[in-house]
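Close look at the chain arrangement
Single-letter residue listing:
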Amino acid sequence: MAEDMRYFSTRGGSETLSFEDAVLTGLAPNGGLYIPTHIPSLPSDWQTRWSSLTFPQLSHEILSLFVPTSVIPSSDLSSIINTAYSSFRHELTTPLRQTGEKEWVLELWHGPTWAFKDVALQFLGELFRYFLERRNGVLEKSGKEEREELTVVGATSGDTGSAAIYGLRSKPSITIFILYPDGRISPIQEAQMATVPDENVYCVAVQDSDFDTCQSIVKTLFSDKEFNSTHRLGAINSINWARILAQIVYYFSAYFQLPAEAREAGAKLQFTVPTGNFGDILAGWYAKKLGLPMEQLVVATNENDILERFFRTGRYEAEETPSQAQAPETAAVNGSSDGQQAGSAVKATHSPAMDILLSSNFERLLFYLALETGEENSGSDVEKRGKAQERLNGWMGELKKNGKVDLGSAVRDAAARDFWAERVSDQETLAEIRKYYKLEKYGPYVVDPHTAVGLAAQERSVKKSPNTYWVTLSTAHPAKFSSAVELALSSDEFPEFNFRETVLPDQLKELEKLEKRVHKVRGEEGVRELIERVKKGEKVVPGEGKGSI
Ligand SMILES: Cc1ncc(COP(=O)(O)O)c(C=O)c1O
Ligand SMILES: N[C@@H](CCOP(=O)(O)O)C(=O)O
């Protein structure tokens, strides 16, 4: 069924790529994101046939809908998946935990770095290894000297970075550079990345930046044809289609773990997703389009609320964040070739991994909205696609020029059929952490601030849509965000609460003892120079580099 599946760029061009090329290319040369040529159909008996599969087996079924066997033979795909999930601590990989009569939390953080990113990045790491080994094997057999190498460059607000590093450390033919905004990720997140001693790993703290700046530097480097082809860049962010694909699986896994009454309620099921770069929730949207019964997906944002404002107004604009005026730590982001960042200003919140305004994957949804709401929607599929790409290009151009784009009510209404959005303040986030700690029947339960944003949004949504079954995605373990959790729970109200004793796993305590290696650089130039020096074979000592401090 997947044999004819190819991938094309949201921003145009009639060219389509194989799954392998889409994964290895990451971001399309025209700045677009790769999406599948069609949404496949589920087998007619999926609800019975898949119901008792393990997570890796389920993953194999779903991924096979998108990955032709001519690209990865079925048994190879199984080995990739099995290796990827062998490092998870829970036998269900992503278990559901009940938190109310009709409410559950989907715990996505049982992988090596204690965040949901492991689900996709353990898989992507194995995928890179598989493709490179195969390509280099062919080169070797044909007696050629050269070898293919990948220079992975990624941006993180804390979680993607460590998950990518754990997925790629010591993998042959791969060097990995992870950019993060200095001082704006949690100490544990930084320690998880910077204590990894493998020689192919470079942690890059970008001075005076925010996540949007780091993401924009990554996209600029990918769009620089010469730099990209010289270094053969690879993407680990959710701009890479494989990230989204791997995340679709846990929506199905959650569905099969629900009691029969909730599954039978079918469309009365809702997923709430703490949202930043829009990757996690977009995977849920693909699950819905594939046919997983659900009503809507709830976009839960923190005070960086560009998405919530879009779902209210139809306008997509970074500049008018109301919180911007009060934010002491906002950082102006200068425009670069990507175009999504003009005028961005990101507020530092208690859920820092979601301190993002310009969400990469929103572009993927916008393509489908352009397709659905286009005025002149006649012609072949390829012609319709071309018109949607053109429309999307217009929107992205306007965003680049003005820092905002009014997508209009037709687009907003089409989006609102599948999503609604809630903005959750820092105060509400802390209150939610306290509330779940005090849960009687299903608690106590210590949740991380990102999960708390999701739960607060879910609570409001329950009022709007009663008689619904709710699953909120729990995206990180609370140990990764000590400052918010301690702020919420270290009080006279909870004298027994002790973060170190009750929340912090031994594995994370160990990090304190290890040496950290961080390269501090300033701006895009600093990043370029570091990559160039390393790739030339120079031994760059942490802390060194142009613009380094
Ligand atoms: C803990 C946590 N929760 C939620 C998110 C938001 O997910 P997404 O960027 O896929 O919307 C992130 C970062 O992406 C995260 O690290
Ligand atoms: N919250 C993320 C931001 C990067 O998002 P990605 O899903 O596109 O990799 C992080 O923790 O780094």
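Please read these numbers as outputs of a predicted model, since none were measured by experiment.

Reading guide: rules and limits
- Residue numbers restart at each chain and count upward from 1, following the sequence in its written direction.
- Numbering of ligands from 1 and lettering of chains from A proceed in the order in which they are written.
- Where local features are concerned, this predicted model is filtered to residues with pLDDT of at least 70; where side-chain atom pairs are given and counted, the filter is 80 or more; whole-chain, interface and lining totals use all residues.
- Secondary structure elements follow DSSP: runs of H or I no shorter than four residues count as helices, runs of E no shorter than two count as strands, and numbering proceeds from the N terminus.
- In a helix, the anticipated span is given by 1.5 Å times the number of residues less one.
- In this scheme the burial state of a residue depends on its C-beta neighbours within 10 Å: 20 or more other such atoms mean buried, 12 or fewer mean exposed, and anything in between means partly exposed; the C-beta positions come from the backbone.
- Of all possible arcs, the one meant is that of the directions from the helix axis to the C-beta atoms.
- Criterion used throughout: strands pair if DSSP finds at least two bridges between them.
- Each axis is a line fitted through C-alpha atoms, taken for helices only over the stretch in contact, and angles between the N-to-C directions span 0 to 180 degrees.
- Note on contacts: each residue gets a C-beta atom placed from the backbone, and two residues are in contact if those atoms are within 7 Å.
- Nearness rests on one distance test: the residue's C-beta atom, set from the backbone, must lie within 6 Å of the molecule or strand.
- Only Asp, Glu, Lys and Arg are considered charged in this grouping, and only Ala, Val, Leu, Ile, Met, Phe, Trp, Tyr, Cys and Pro are considered nonpolar; every other residue, Gly among them, is considered polar.
- UniProt positions are given in the numbering used here, feature names are shortened, and annotations may be inferred rather than shown by experiment.

Turning our eyes to something else, we now look at helix H4 (residues 74-85). One full turn of an α-helix is made of 3.6 residues, so residues set three or four places apart face in the same direction. Taking 1.5 Å per residue, twelve residues should reach 16 Å; H4 reaches 17 Å between its end C-alpha atoms and fits that length. Taken residue by residue, H4 has Ile80, Ile81, Ala84 and Tyr85 as its buried positions. For H4, the angular spread of the buried residues around the axis is 115 degrees, confining them to a single face.

Overall, mixed pairing links the six strands, which are arranged S3-S4-S14-S9-S10-S13 in an open sheet. Each having just a single partner strand, strand S3 (96-100) and strand S13 (419-423) make up the two edges of the open sheet. Pairs of neighbouring strands in the sheet enclose a mean axial angle of 25 degrees, with direction left out of account. For strand S9 (residues 269-274) and strand S14 (residues 469-474), the ladder comprises four bridges, and the chain directions are parallel. If you follow Leu269 over to S14, its bridge partner there is Tyr469. Relative to S9, helix H18 (residues 449-464) is tilted by about 145 degrees, and along the sheet it contacts strand S4 (103-107), S9, strand S10 (297-301), S13 and S14.

Further remarks concern the site of ligand 2. Every one of the 14 residues lining ligand 2 counts as a neighbour, but Thr156, Asp159, Thr160, Asn237 and Ser238 are closest to it. With three residues, the top contributor of residues to the shell around ligand 2 is helix H6 (residues 159-168). Here the shell around ligand 2 is composed, by residue class, of two nonpolar, eleven polar and one charged.

Here the focus is the environment of Lys288. Note on placement: Lys288 falls in helix H12 (residues 279-290). As for Lys288 and Phe252, which are separated by 36 residues in sequence, their C-alpha atoms are 9.7 Å apart. Residues in contact with Lys288, not counting those within four places in the same chain, are Met294 and Asp418.

Mapped onto this numbering, the UniProt entry annotates "domain: Threonine synthase N-terminal" (unreviewed entry) at residues 6-85. Across residues 6-85, helical content stands at 41% and strand content at 8%; the span's end C-alpha atoms are separated by 26 Å.

Near ligand 1 there are 16 residues, and of these Asp159, Asn277, Gly279, Ala353 and Thr475 occur at the shortest range. Each residue belonging to the shell around ligand 1 can be placed in one class, and the counts come to seven nonpolar, seven polar and two charged.

What follows is about helix H15 (residues 381-402). Between the first and last C-alpha of H15 there are 31 Å, a value that for 22 residues agrees with the 32 Å anticipated at 1.5 Å per step. All of the buried residues along H15 are Arg385, Ala388, Gln389, Arg391, Leu392, Met396 and Leu399. Buried residues in H15, looked at end-on, bunch into an arc of 170 degrees, giving them a common side. Facing away from the buried surface of H15 by more than 90 degrees, the exposed residues are Glu383, Gly394 and Lys401. On its buried side, H15 packs onto strand S11 (315-317), helix H14 (362-373) and strand S12 (404-406). Just downstream of H15, Gly403 is the residue with a positive phi angle, here 75 degrees.

On to the pairing of S3. When S3 meets S4, the two strands line up antiparallel, connected through four bridges. Within S4, the position partnered with Arg97 by the bridge is Val105. Between S3 and the antiparallel strand that follows it, S4, lie two residues.

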